[in-house]
Structure formats: structure tokens, C-alpha cells
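For reference, the chains in residue letters:
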Amino acid sequence: MKKVVKFGGSSLASAEQFEKVGKIIHADTARRFVVPSAPGKRFKEDTKVTDMLYACYATAEEGKDFSTQLKEIKKRYDEIIAGLKLDLSLEEEFKTIEKNFKEKAGKDYAASRGEFLNGKIMAAYLQYQFIDSAEFIFFDENGDFDAEKTDKALSERLLKEKNAVVPGFYGSTPDGKVKTFSRGGSDITGSIVARAVHADIYENWTDVSGFMIADPRIIDNPEAIDTITYKELRELSYMGATVLHEDAIFPVRKEGIPINIKNTNAPEDNGTWIVESTCQKSKYVITGIAGKKGFCAINIEKDMMNSEIGFGRKVLNVFEDNGISFEHVPSGIDTLTVFVHQDEFMDKEQQVVSGIHRLAKPDTIDIEADLALIAVVGRCMKSMRGTAGRIFSALAHANVNVKMIDQGSSELNIIIGVCNSDFEAAIKAIYNIFVVSQL
């Protein structure tokens with residue numbers, strides 16, 4: 001058995017948390033490769049080290065004195081080192097960081113130092129080999145992750161090690177500059193390492209015991225999801241479920257490696273298993289509910305639209321020309337609606353409207369703002385009759401007006417559009433009918 005274990009920022013925020021992590025790793029000899037994040041918040045009002053680094057570098061970019069900010073960052077790491085009673089100094093590393101900040105090494109370099117330094121501490125604490133991600137995780141000239149080059153180089157390097165620490169979140173471009181993934185990208189690094197070593201399991205340790213069926217900020221103590229497929233996870237992650245970075249599934253998916261989301265503060269909990277496919281049925285008809293606010297709908301009407309070849313293409317071309325991606329495009333005989341992110345659309349709305357008039361010549365265009373989209377996801381939905389009916393019944397009883405419904409061809413998800421003001425009520429209503437009452 002071979003496991004890759006990734007630990008999030010809250011799991012590595014202090015020496016006390018490091019000790020918990022150490023016990024978890026040493027409890028299973030299969031946990032051979034460790035991917036650490038930067039130190040997160042120690043308490044609610046605390047600041048994540050990554051945010052401290054961004055702020056420090058912003059001061060350096062302005063040509064101002066950033067020494068006090070850098071000392072505060074160093075203090076965070078020194079506290080962890082002292083708490084673990086390690087014979088380790090990061091003086092030279094911080095001298096290098098100070099020099100590179102003065103030389104404007106870039107925001108990506110600045111942000112990556114959180115994981116780099118925590119990786120140094122983790123390697124010393126576990127007595128594992130430290131491997132700098134910048135030397136083996138590669139991005140191309142356009143800043144896109146080079147999966148195959150990375151897998152070849154990292155596989156060859158890790159083959160030489162029984163145990164290793166590979167810091168998360170960053171790699172390098174062909175010119176040697178540090179490049180980071182998007183925020184939360186340590187999850188992706190863990191997945192890349194798991195693929196490279198052909199791991200049996202990728203354990204992703206965080207501060208919750210897996211994925212919840214719904215957002216705990218909306219539903220009190222929602223039930224956890226035991227098993228979820230990659231496809232279901234992708235749908236929920238895209239719509240706002242943030243336990244795991246949505247791009248972290250791609251490297252392990254190619255190898256069929258399962259992901260286990262675990263809780264550092266409750267390691268005995270089973271957590272959530274993320275798999276390619278499974279014969280295990282969900283406890284409920286649905287697997288999860290997730291959603292986002294902040295959308296708007298552009299409603300386009302034109303008589304005989306259905307018989308006009310290329311109408312949809314003309315409309316969507318306008319959005320493409322203005323650099324706006326669309327979310328959903330439900331349509332009727334004489335109507336077509338395009339859902340987009342409101343913040344992307346607001347500053348370009350009149351260019352889009354005039355462009356649609358010019359290319360597609362509609363009868364009317366109407367814009368509706370302040371909408372939310374909710375995804376109800378579940379692999380069991382396609383085999384159960386009346387799922388959509390139950391959703392609408394629940395929303396009707398909660399006095400929620402449905403603005404849009406869109407179901408994917410895979411029957412894996414149903415997307416519902418509601419007003420922003422009805423967002424929380426809609427999620428509560430759906431959760432109650434499928435999980436609480438199970439009608």
C-alpha cells in the first residue's frame with residue numbers, strides 16, 4: 001500500500017497541529033509522500049501566511065520598507081519550529097526571500113514561499129527528504145500546467161525516495177520563474193504526486209470530516225457524504241463546494257486513484273471517498289446540493305427563432321467577442337436565455353445588447369439580475385422517478401419562485417435558478433425534502 005497525504009493550512013497552522021499531523025503520518029507506514037500547505041489561521045481573527053506574503057510583497061513592489069512584515073512572517077515559522085523543538089533555522093531562506101522581494105521576483109514567487117518554508121519544517125520534523133516543487137512541477141510558456149512533462153520528471157525523482165515532502169501550490173515555467181496554481185492549489189499538487197508515484201490512495205486532510213451534503217453555513221450540521229464520484233464532485237465543486245480544489249481530480253482520475261477527504265482533528269472519522277465509479281448507492285436520492293449567487297439572465301425573444309439556422313451561434317458569438325463565459329442556455333420555441341456571472345457582465349452589458357441586436361436581430365432583449373444557481377447532484381437520480389417533481393414541490397412550499405431549470409443529459413444534476421434573496425431558503429427546502437423528511 002502506498003499513500004500520498006496532503007495537509008491543508010488549518011492542519012499546519014501551529015506546532016500543536018504539526019504534532020497531530022506527525023501522529024497521523026507515523027500511524028500508517030503507507031503514508032510515504034507528504035504535501036503540505038502554508039500555515040493557515042490559528043484562530044478566527046488570525047491571518048493566513050499566504051495572505052501575509054501577498055501583503056508583504058505588495059509593500060515591496062511599491063518600493064517601501066517591508067522588513068517588519070517579513071519579520072512577522074518569520075515569527076510564525078519560528079514559533080512552529082520552537083514548539084516542535086527542531087534544530088532548524090530558516091535564516092538563509094528568509095535572506096533569499098528578502099533579496100528576491102527587493103528584485104521584484106513576482107507575486108507567484110511570494111505566495112509560494114508559504115508552502116516552501118512549511119515543507120522545509122515538515123521534512124525536518126518527519127526526517128523525510130525535501131523536494132522543491134519548482135524543480136519537478138512544470139508549466140508551459142503560456143502558464144498552463146504541463147501534466148506529462150511533470151509526471152515523467154516527478155515519477156523518476158520520487159522513485160528514488162522511500163519518503164518525501166513535496167510542497168504544494170507551485171511549480172515553475174521554462175524560464176525558471178515560480179508559477180502557482182490558483183488559490184487552494186495544494187490539492188492539485190497532492191493529486192499530481194499521487195499520479196506520479198502510482199499511489200493506492202490520495203488522502204486529503206483538512207478541518208472537516210469530508211464533504212457535507214449541503215453548506216454548513218446554511219444547513220445546521222448537515223450529513224456527510226460517504227462516497228461520491230469524480231463527476232458528482234466536479235459538479236458540486238464548480239457550484240461552490242470548496243472542500244477540494246475542483247481541478248484536483250484530473251491527475252488521479254487518469255490513474256483511477258481514489259481520494260479520501262479526512263479530518264486532521266478527528267482522524268478516526270471515515271471521511272468522504274471520491275471514486276471514479278461505484279456500485280454503492282447513496283444513502284439518499286441526492287448526493288449533494290451546492291450553489292452560487294451573483295448571476296444574471298439575458299432573455300432574448302424572436303418570433304420563429306426555432307426555424308432560423310445559426311441563431312444561437314450568433315448570440316453566443318457576442319458573449320465570446322466580449323470575453324464573457326456563459327453558464328447555461330435554456331431555450332424555448334421563440335426564446336433563448338443566457339445565464340452569466342453578473343460581475344463579468346455588468347460593465348459590458350450594453351456592448352452585448354447592441355451586439356446581439358446587430359448580429360441576431362431579436363424582437364426584444366430583457367435582462368434580469370441578482371439571480372442564484374443551485375445544483376442538485378446525484379448519481380441515483382436517473383433511476384428514481386419524480387425527483388424534479390419533489391424539488392419543485394419543496395420550493396413551492398417554501399414560497400420560492402423558480403426562474404430556470406436545466407437538467408444535464410447525463411441526468412446527474414438538475415440546475416435551478418432562483419432570486420439571490422431565495423437562495424438559502426431554496427437550499428434548506430431541498431435538503432429537508434430529500435434528507436430530513438425523505439418523502
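Everything below is about the structure shown above.
Only a predicted model underlies this, so the values are computations on that prediction, with no experimental measurement involved.

**Focus on the pattern of salt bridges**
The final tally for this structure, using the stated rule, is 28 salt bridges. Note that E103 and K99 form a salt bridge whose closest N and O atoms lie 3.3 Å from each other. The exposure class assigned to K99 is partly exposed, which follows from its relative accessible area of 47%. Two residues, K283 and E223, come together in a salt bridge whose shortest N-O distance is 3.2 Å. You can see K283 sitting in the loop between β10 (272-275) and β11 (288-301) and its partner E223 sitting in the loop between β7 (201-206) and β8 (227-229), a full 60 residues away along the chain. Classification of E223 by relative accessible area gives partly exposed; the value is 29%.

**Side note on a negative patch on the surface**
Together, E301, D303, D363 and D366 make up a negatively charged patch on the protein surface. Note on placement: D303 falls in the loop between β11 and α10 (311-321).

**Remarks on empty space enclosed by the protein**
One pass over the structure, following the stated rule, counts one cavity of 30 Å³ or more. Of all the secondary-structure elements, those providing two or more residues to the lining of the largest cavity are α6 (147-158) and α7 (186-196). With three residues, α6 is the single largest residue contributor to the lining of the largest cavity. Along the lines of polarity and charge, the residues of the lining of the largest cavity split into four nonpolar, one polar and two charged.

**Some remarks on helix α8 (residues 230-238)**
Taken together, the buried positions of α8 are occupied by Y230, E232, L233, L236 and S237. Projected down its long axis, α8 carries its buried residues within an arc of 155 degrees, all on one side. Where the residues of α8 are buried, they touch β8, α9 (249-255), β10, β11 and β14 (364-377). Phi turns positive, to about 115 degrees, at G240, one or two residues after α8.

**Considerations on the nonpolar core**
Ranked by size, the top nonpolar core spans 77 residues in total, and within it V4, L158, L244, I274 and I430 carry the most contacts. Element by element, the count of residues in this core is highest for helix α14 (residues 423-436), at nine residues. Apart from the residues lying within four places of it in its own chain, the contact partners of I430 are I289, I374, V376, I391, L395 and I416. Membership of the second largest hydrophobic core comes to 42 residues, among which are V5, V21, L84 and I97.

About the thresholds
- Residues numbered from 1 in each chain as written.
- Predicted model: local features only at pLDDT ≥ 70, side-chain atom pairs only at ≥ 80, totals over all residues.
- Heavy atoms only, no water.
- Salt bridge = Lys/Arg side-chain N within 4 Å of Asp/Glu carboxyl O.
- Buried < 20%, exposed > 50% of the residue type's maximum accessible area, 1.4 Å probe, protein only.
- Helix = DSSP H or I, 4+ residues; strand = E, 2+ residues; numbered from the N terminus.
- Patch = residues over 30% accessible without salt bridge, like charges linked within 9 Å, V, L, I, M, F, W, Y side chains within 5 Å.
- Areas by Shrake-Rupley, 256 points an atom, 1.4 Å probe, with all protein chains shown as cover.
- Lys, Arg positive; Asp, Glu negative; His and termini not counted.
- Charge placed at Lys NZ, Arg CZ, Asp CG, Glu CD.
- 1 Å grid on protein atoms, 1.4 Å probe; cavity = no way out; pocket = protein on both sides within 12 Å on 5 of 7 lines; lining within 4 Å.
- Points joined across faces, edges and corners; volume = space filled by probe spheres on them.
- Nonpolar A, V, L, I, M, F, W, Y, C, P; charged D, E, K, R; others polar.
- Arc of directions from axis to C-beta.
- Contact = heavy atoms within 4.5 Å.
- Core = buried A, V, L, I, M, F, W, Y, C linked by side-chain atoms within 4.5 Å.

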